[in-house]
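Coordinate analysis (summary)
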Protein chains: 2
Amino acid sequence: MKAVLVVADGMADVPLKELNAKTPLEAAQKPSLNRVAQLGICGMIDVIAPGIPPGSDTAHLALLGYDVMEVYSGRGALEAIGSGIDVLPNDLAFRCNFATADKDFIVLDRRAGRIGNDEAAKLAAAITKSLREDPPEVGDVLFKNTIEHRGILRLSGPNLSTMVSDTDPHETGVKMLKARPLDESEEAKNTADILNKLSQQFHEVLKGHPVNKERENKGLLPANTVLCRGVGQMPELDPLALLYGIRPAAIAAVPLVRGICKVAGMRLISVPGATGTYKTDFIGKAKAAVQALQSHDFVFVHVKATDLASHDGKPREKIEMIEKVDTLVGHLLDNVYLDETIIAVTADHTTSSITKEHSGEPVPVAIIGPSVRTDDVVEFGERACAKGGLGRIYGRDLMPILLNLLGKGEKAGS
Amino acid sequence: MKAVLVVADGMADVPLKELNAKTPLEAAQKPSLNRVAQLGICGMIDVIAPGIPPGSDTAHLALLGYDVMEVYSGRGALEAIGSGIDVLPNDLAFRCNFATADKDFIVLDRRAGRIGNDEAAKLAAAITKSLREDPPEVGDVLFKNTIEHRGILRLSGPNLSTMVSDTDPHETGVKMLKARPLDESEEAKNTADILNKLSQQFHEVLKGHPVNKERENKGLLPANTVLCRGVGQMPELDPLALLYGIRPAAIAAVPLVRGICKVAGMRLISVPGATGTYKTDFIGKAKAAVQALQSHDFVFVHVKATDLASHDGKPREKIEMIEKVDTLVGHLLDNVYLDETIIAVTADHTTSSITKEHSGEPVPVAIIGPSVRTDDVVEFGERACAKGGLGRIYGRDLMPILLNLLGKGEKAGS
């Protein structure tokens, strides 16, 4: 027996007036998702706990069966690892944005006009050069741009602590922040000092850089500062293979989710055209999953596009993305052996198209497979699945339930 | 107000092709179980946690309201106590099988051809004699046969530890195992040494014993070795009477469940003809329960036969046993005062008739009694009860729910 878990990021939503009080999922044409619901067992998942809006990081850790309270150590390191940057135990990693600030350090745009990859690479190279010529007094610093305006800052060395505040104010029109120590330790103070010096140094490098001069000449916003947030350390996760006795593979494009899968010891399968954007190759992912099932017994497939649409507050686009997820699931249904494969579909969190933010409502789940106890639900939707046979479970319960269906449930006692 | 809790061991199952995708419980004729469902409130129980296949030991501890993680200390001691063997704190008890091994200690049959009680008693007597004549260097050793090929080994003395591996390989065609220490302690090493020496000593006693000579002459498998597994210590359970202020009684035949009930301080009521087998006297148990209600306010009734049928992979026999459980419940319904009695029916775990193993799906529960909040469920079954008013609860929640209905709920705060 084998299993595929499809997680459509932020797919769940709330009823929207413009959709006649339906959610985007309820309004979508989704024959394959409905087929999973109809032939399988449905329910609702509180990914973290009832009412708690999950982060994308904690959500995926929970859905993979980890105890988030125990293992979570900040998003920065997970995203760094997913971007191909090594993070060793005790290293700190921050998520960074190139941003635009005025002369008084008031943040004008947290994404520097969504600067592109090429310009970001040039600016990052200038920062790297500066770090080599004028290295910080202690430890080792790496800065790397990732996608568009995004980047990673990694600090290595003695006397570091995650107890340090962001320099990113998380809004525009206010001054960028000084990093502050969040406890009384010497390490926290030291880390805040390093971060503040680096902020200054990065600003000096960026403000006069030819890339920014050119942008300003074109009337574009200059990427003249770097905002840091979400400090994290490498989490200590037992690999899924060890925990559950399975051969796990993952198909995911966005760095954070890739990072989590990598740290969880899953084999990452790269799919050309799987981009983590609206234009991702949904069928390419499905095909890769079918292929991965030949040599793995648990395949995790992540789709980001559904979440992007809700963060942009575009329910129509969200519906379109859900319908593409439906084609992905349809391809799975048509191409796996349904008498020896379990397919589970869910979301990592609700994203409200009204607030454009993660929200704490539970997410629907449907599981199809041989000898699953079916129920009366015939539609994959937030309200339909609430009537399902699984009832309301926690995110961390999903993996044990799938493992049990795989015949790999770990008995308690004898 | 009084309460009866009927637990039919392994009664829950998965949909089976041969039953037109019904479970044995769904396929059974069960008017009395349906009456409890129809007039009562239904739900699903994750006896340990979602997806986790419960052991019979942990399952009953949880259904009686104990925190399994806190109190569980291995099955051996519970089964020993249920077999009438005293186990003191710090004693170790192992579950044993008389088994058949070849000259290279390859296990040919883990049950020595299901050797009978009389022969097993003679072999156990020879072991006891040998232990008296040639006692182990440290501590005290007791070996006692229980039912058929089964037995208990108890070790008493200083420097013992439960951190020791089984000698039972749990399969045939492989060599019986040497006990190994499972941690670095002197106690674990010492215990493994004792167990290995005893294995050798038992083998010497058994291999030339007249009972085995005779069996071999008849073409039967000799019981020439003893396999040990499931080491446990006496768990420290607060008695139910103390925890809940109730007078509890138990009607159970199998040693493990009797052991748990005894350690939980329940009065064990013996029913002639209640054997823990297919042929157990179901109505005898029901009559004993009705009688016990006169002097106790909580009566626990355990039936093993349902589980035996599923471990044997025989859904038709399982249906038959479920229909006998139905007569048991019918007798209760007809003979208790329904305006002052709560009757709850559930299972301790799902046993899949496909895999013949305990499985992690939740089990159905139905509770009838005055002032119970009823629901729309009219059938006692895995899928019907999933729509019940109780929703999905944990095993450890059942006792507080029953106690509340008994008017003995323990208030949190004031």
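Structure: above.
The shown structure was predicted, so the numbers you read here are calculated from the model rather than taken from an experiment. (Residues numbered from 1 in each chain as written. Chains lettered and ligands numbered in written order. Predicted model: local features only at pLDDT ≥ 70, side-chain atom pairs only at ≥ 80, totals over all residues. Heavy atoms only, no water.)

Here's the deal with the sheet that holds strand E1 (residues 2–8) of chain B
Residues and elements named next belong to chain B. Put simply, the rule is: Any two strands between which DSSP finds at least two bridges are classified as paired. What counts as a helix is a DSSP run of H or I of at least four residues, what counts as a strand is a run of E of at least two, and both are numbered from the N terminus. Any two residues whose heavy atoms approach within 4.5 Å are treated as being in contact. Note on geometry: axes are lines fitted to C-alpha atoms, helical ones only across the stretch in contact, with angles between N-to-C directions running from 0 to 180 degrees.
Across the sheet, eight strands lie side by side as E9-E8-E10-E1-E11-E14-E2-E15; this open sheet has mixed pairing. The open sheet has two edge strands with one neighbour each: strand E9 (267–268) and strand E15 (391–394). Against the sheet, helix H3 (residues 56–63) makes contact with E1, strand E2 (41–46), strand E10 (298–303) and strand E11 (341–346), and its axis sits at roughly 160 degrees relative to E1, the strand it touches most.

Some thoughts on unusual backbone geometry
Glycine aside, a negative phi is what most residues show, and trans is what most peptide bonds show. How we decide: Three labels apply to residues, based on accessible area from a 1.4 Å probe with only protein chains included: buried if under 20% of the type maximum, exposed if over 50%, partly exposed otherwise in between.
The phi torsion at phenylalanine 105 of chain A lies on the positive side, around 65 degrees, for a residue other than glycine. Relative to the helices and strands, phenylalanine 105 of chain A is located in the loop between strand E3 (92–101) and strand E4 (107–109). Look at asparagine 159 of chain B: it is not a glycine, yet its phi comes out positive at around 60 degrees. For asparagine 159 of chain B, the position within the fold is in the loop between strand E6 (150–156) and helix H7 (186–207). Relative accessible area serves as the criterion here: at 47%, asparagine 159 of chain B is assigned to the partly exposed category.

Here's the deal with the pairing of strand E14 (residues 363–368) of chain A
All names here are of chain A. The buried fraction of E14 amounts to six of the six residues, a majority that puts the element mostly inside the structure. Covered by surrounding structure in E14 are Val363, Val365 and Ile367 together with Pro364, Ala366 and Ile368, the residues of both alternating faces. Sheet topology places strand E2 (residues 41–46) next to E14; five bridges connect them, and they run antiparallel. In the strand pairing of E14, methionine 44 is matched with proline 364. For strand E11 (residues 341–346) and E14, the ladder comprises three bridges, and the chain directions are antiparallel. Bridging across to E14, alanine 344 finds its partner in isoleucine 367.

Section: the sheet that holds E14 of chain A
The strands making up a sheet are joined through hydrogen bonds of the backbone, oriented either antiparallel or parallel. Residue and element names in this part refer to chain A. Across the sheet, eight strands lie side by side as E9-E8-E10-E1-E11-E14-E2-E15; this open sheet has mixed pairing. Of all the strands in the sheet, the pair left with one neighbour each is strand E9 (267–268) and strand E15 (391–394). Of the strand pairs in this sheet, strand E8 (residues 248–251) and strand E10 (residues 298–303) are connected by four bridges, and their pairing is parallel. Looking at the pairing, isoleucine 251 lines up with valine 301 of E10. Running at roughly 160 degrees to strand E1 (residues 2–8), helix H3 (residues 56–63) makes contact with E1, E2, E10 and E11 of the sheet.

A look at the interface of chain B and chain A
How big an interface is tends to be stated in terms of the accessible area lost upon association of its parts. The cut-off we apply is this: When two parts are put together, the accessible area they lose, computed with a 1.4 Å probe and summed over both, is reported as buried area. Each salt bridge in this description consists of a side-chain nitrogen of Lys or Arg and a carboxyl oxygen of Asp or Glu lying within 4 Å of one another. N or O atoms closer than or at 3.5 Å make up a polar contact, with two conditions inside protein: a donor-capable atom paired with an acceptor-capable one, and, for residues adjacent in sequence, both atoms drawn from side chains.
Listed per partner, the contact involves 31 residues of chain B and 19 residues of chain A. Both faces combined, the contact of chain B with chain A buries some 1900 Å², and carbon together with sulfur accounts for 50% of it. At the boundary of chain B and chain A, one finds one salt bridge. A salt bridge links aspartate 376 of chain A to lysine 387 of chain B; its shortest N-O distance comes to 2.3 Å. Summed over the shared surface of chain B and chain A, the number is 15 residue pairs in polar contact (both at pLDDT 80 or more). For the side of chain B that touches chain A, the secondary-structure elements that each account for two or more residues are H3, strand E13 (358–359), helix H14 (382–385) and E15 of chain B.

Looking at the relation of the copies chain B and chain A
As a reminder, the rule being used: The superposition of copies rests on a least-squares fit of C-alpha positions from residues with pLDDT of 70 or more in both.
If you rotate chain B by 123 degrees and push it 0.2 Å along the axis, it lands on chain A with an RMSD of 0.2 Å. Such values leave the two copies arranged in the relation of a three-fold axis.

Some thoughts on the pattern of salt bridges
All names here are of chain A. One pass over the full model with this rule turns up 38 salt bridges over all chains. A salt bridge links arginine 154 to aspartate 140; its shortest N-O distance comes to 3.8 Å. Residue arginine 154 is located in strand E6 (residues 150–156), and its partner aspartate 140 is located in strand E5 (residues 140–145); the two are separated by 14 residues in the primary sequence. You can call arginine 154 buried: its relative accessible area is 14%. With its nearest N and O atoms 3.2 Å apart, the salt bridge here joins lysine 304 to aspartate 307. Owing to a relative accessible area of 15%, lysine 304 belongs among the buried residues under this scheme. A relative accessible area of 1% means that aspartate 307 is categorised as buried. Within the structure, one salt-bridge network assembled from shared partners comprises Asp9, Lys304 and Asp307.

Notes on the environment of glutamate 204 of chain B
Residue and element names in this part refer to chain B. Among the structural elements, glutamate 204 can be located in helix H7. Take glutamate 204: its relative accessible area is 41%, and that puts it in the partly exposed class. The spatial distance from the C-alpha of glutamate 204 to the C-alpha of serine 130 is 9.6 Å, given a sequence separation of 74 residues. Among the polar contacts listed, one links the side chain of glutamate 204 to the side chain of lysine 207, at a separation of 3.3 Å.

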